[in-house]
Amino acid sequence: MYETIQMMGIYSNRPRARAISYVYLLISGLSRYHTCSSFFLTYSKSAHNTSNRLFGHRQIIQHIHQRHSTKTTTNLCNSKLLDETKNINIESAKKWTFVLAKNNAANHDQTLVDTDARIRNILVCGDGDLSYSAEISTELDALGIELYATVLEDEETHNKVYKYSSLNAKIINAFTQHKVLFGVDATTLLTYFGGSNNATTFDRIQFNFPHWRGKANNRYNRQLLSEFLRSAATVLSPRGEIHIALCDGQGGCSSTTLQDWKGSWQASMFAAEHGLLLADVSPYEPQYNLSSHRGVDRPFNLGKNPKMHVFAKPNGVHVRKDIQLCCRHELHIVVPEDQPDEDNHGIIICSMDQILAGDAIEMIIQGIVPDGVRVEVPARQILEISEADGSLQKVAVFLIVYCSERYPVTRLQADGWRELAEVEVEKYVPLRENRRGRTVSHPFPYPSLHPEIKYRTTGER
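I will try to describe carefully the structure that is included in this document. (Residues numbered from 1 in each chain as written. Predicted model: local features only at pLDDT ≥ 70, side-chain atom pairs only at ≥ 80, totals over all residues. Heavy atoms only, no water.)

**A look at the overall build of the chain**
Stage number 1. If you tally the helices and strands in the chain, you get 18 helices and 13 strands.
Stage number 2. The buried share of the chain, reckoned over its 461 residues, is 51%.
Stage number 3. In the chain, once contacts between residues fewer than 6 apart in sequence are set aside, the share between residues at least 24 apart is 73%.
Stage number 4. Accessible area of the chain: about 22200 Å², with a carbon and sulfur share of 48%. (Helix = DSSP H or I, 4+ residues; strand = E, 2+ residues; numbered from the N terminus. Buried < 20%, exposed > 50% of the residue type's maximum accessible area, 1.4 Å probe, protein only. Contact = heavy atoms within 4.5 Å. Areas by Shrake-Rupley, 256 points an atom, 1.4 Å probe, with all protein chains shown as cover.)

In structure tokens:
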């Protein structure tokens, strides 16, 4: 058996030869348990589409299955398999992307990507029946990328729950660079990979469609997401990325109303709490067997627009505006009746025009926040406030927004910036005393900012 497979080129550098060898390996290894006909149906259903898309073995399966529609336990010999595949048109489809997200848009051909941009290893967490890892294993091996495929269940339980557990594990373990690890809790990864002398860090850590076991509300799924992000950050390389596939609306980063945001899993907020930025969001179309629905072996519905969310440490990552996380607060300034003299900072911000413009306020606050946080003043208003003694006082109200452009924004940090802003602005103009010290808002996605301003000013959604 070994000599036959070696002759067919399973260790060959030629991808097509290796793919053909795999089909033969699987047929030969499982012939005791499956007929040719039933095996091809089984393998087709298990959807290991990397070989399908790269080397066309779906066509191989369908073509040979037509020729062997009656049940038989006879193995196909090497020459027979090669004859069957000789005249089949091998189609090439788009590959999975195994370069860092910031390099992805610039170069789609992974063979031409700078080696510094390509990941060196990938950790897949909670991989259902291991279908995803089995799917990408061939391409990863061709690119020289190590794969660690992990599931929560121990091996015995996993084999009982998932029909294709053993088959998928064999596919993955056939590559010397790849490993299948059972009994790995994605929320405590440092336990498995954080040894003091041989710690392993990863360039990509991926969790596709995480979900709390059984029926669960958002509270438990948010807890799972938060604990996974915290755990993954401890074994992430400095340039590494965490990829999380979520169903439509679960991530919440594109929510245009606070109601939608509050109904989501608020992924970017939990990432920020663990020092991570939401670096990218893109459509995601899984092409593998979706087998784990609430911990049992059955498919699940992804909705219309599942998305891949990419998180990274703030090492030069620039977050596009439509997925930035923000916090906001109001700043109430008492408008003096008389124009003051220019102060020692050389800035006058107390005239009506300058207050309404808001540029000076924005400039002052921008100077006290960390590099990578963008300050916006998207709304301002002049009010006449009736004081307790019956007098009227003019107050300029500014809406101050802190945005996570290159630095994570959390509520705790933003409230610290709010305190500094009040101290700094008061050096130039007086603040309204009864509106000082009010905590900033909970974090929210930038796309909901202007609709919320419109709602608060006009009452319209």
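**Here's the deal with the state of the cysteines**
Stage number 1. Tallying each qualifying case throughout the model produces 0 disulfides.
Stage number 2. Here C327 is not cross-linked by a disulfide; its sulfur's nearest cysteine counterpart is in C326, at 7.8 Å. (Disulfide = S-S within 2.5 Å.)

**With respect to the packing of aromatic side chains**
Stage number 1. In this structure the tally under the stated criterion is 9 aromatic pairs.
Stage number 2. Their ring planes at 80° and their centres at 5.1 Å tell us that F207 and F228 sit as a pair that is edge-to-face. On the criterion of sequence distance, the pair formed by F207 in strand β4 (residues 202–208) and F228 in helix α12 (residues 218–234) is long-range, its members being 21 residues apart. Residue F207 shares its accessibility class with F228, and that shared class is buried. (Phe/Tyr/Trp six-rings, centres within 6.5 Å; stacked < 30°, edge-to-face > 60°.)

**Side note on unusual backbone geometry**
Stage number 1. The phi angle at F209 is positive, at roughly 55°, despite the residue not being glycine.
Stage number 2. Relative to the assigned elements, F209 resides in the loop between β4 and α12.
Stage number 3. Positive phi is not limited to glycine here, since Q266 has a value of about 55°.
Stage number 4. With respect to the helices, strands and loops of the structure, Q266 is situated in the loop between α13 (258–262) and α14 (267–273).
Stage number 5. In this structure Q266 comes out as buried when scored by relative accessible area, which is 9%.

**What to know about the packing of helix α8 (residues 131–143) against helix α10 (residues 165–173)**
Stage number 1. Where α8 meets α10, the axes come as close as 9 Å, and the angle between the chain directions of the two elements is 30°. In this view, α8 runs roughly parallel relative to α10, as classed from their interaxial angle. The two elements α8 and α10 meet at a crossing, and its hand is left-handed. Touching S131, S133, A134 and S137 of α8 are N168, I171 and I172, all from α10.
Stage number 2. Taken together, the residues of the contact of α8 with α10 break down into 3 nonpolar, 4 polar and no charged. (Axes fitted to C-alpha atoms, helices over the stretch in contact; angles between N-to-C directions. Parallel < 35°, antiparallel > 145°, perpendicular 65-115°, else oblique. Left-handed = near helix turned anticlockwise from the far one by under 90°. Nonpolar A, V, L, I, M, F, W, Y, C, P; charged D, E, K, R; others polar.)

**With respect to the environment of Q223**
Stage number 1. Following the sequence through the fold, Q223 ends up in helix α12.
Stage number 2. Judged by relative accessible area, which is 33%, Q223 ranks as partly exposed.
Stage number 3. Linking Q223 and F270, residues 47 residues apart in sequence, is a C-alpha distance of 9.1 Å.

**Brief notes about the side chain of R222**
Stage number 1. Considering the arrangement of structural elements, one finds R222 in helix α12.
Stage number 2. Although buried, R222 forms no salt bridge, and the nearest oppositely charged side chain, E273, lies 10 Å from it.
Stage number 3. When near neighbours in sequence (up to four residues on either side) are disregarded, R222 contacts W261, K262, G263, S264, W265, Q266 and F270. (Lys, Arg positive; Asp, Glu negative; His and termini not counted. Salt bridge = Lys/Arg side-chain N within 4 Å of Asp/Glu carboxyl O.)

**Brief notes about the sheet that holds strand β5 (residues 236–246)**
Stage number 1. Taken together, 7 strands build an open sheet; the order of strands is β3-β2-β1-β4-β5-β9-β6 and the sheet is mixed. Edge strands, defined here as strands with exactly one partner in the open sheet, are β3 (178–181) and β6 (277–283). Looking at each pair of strands side by side, their axes are set apart by 15° on average, direction ignored.
Stage number 2. In the sheet, β4 pairs with β5 via 6 bridges, with the strands oriented parallel. When the bridges of β5 are listed, Q206 appears paired with H243.
Stage number 3. This element, α10, spans β2 (146–150) and β3 of the sheet and lies at about 150° to β3. (Pairing = 2+ DSSP bridges.)

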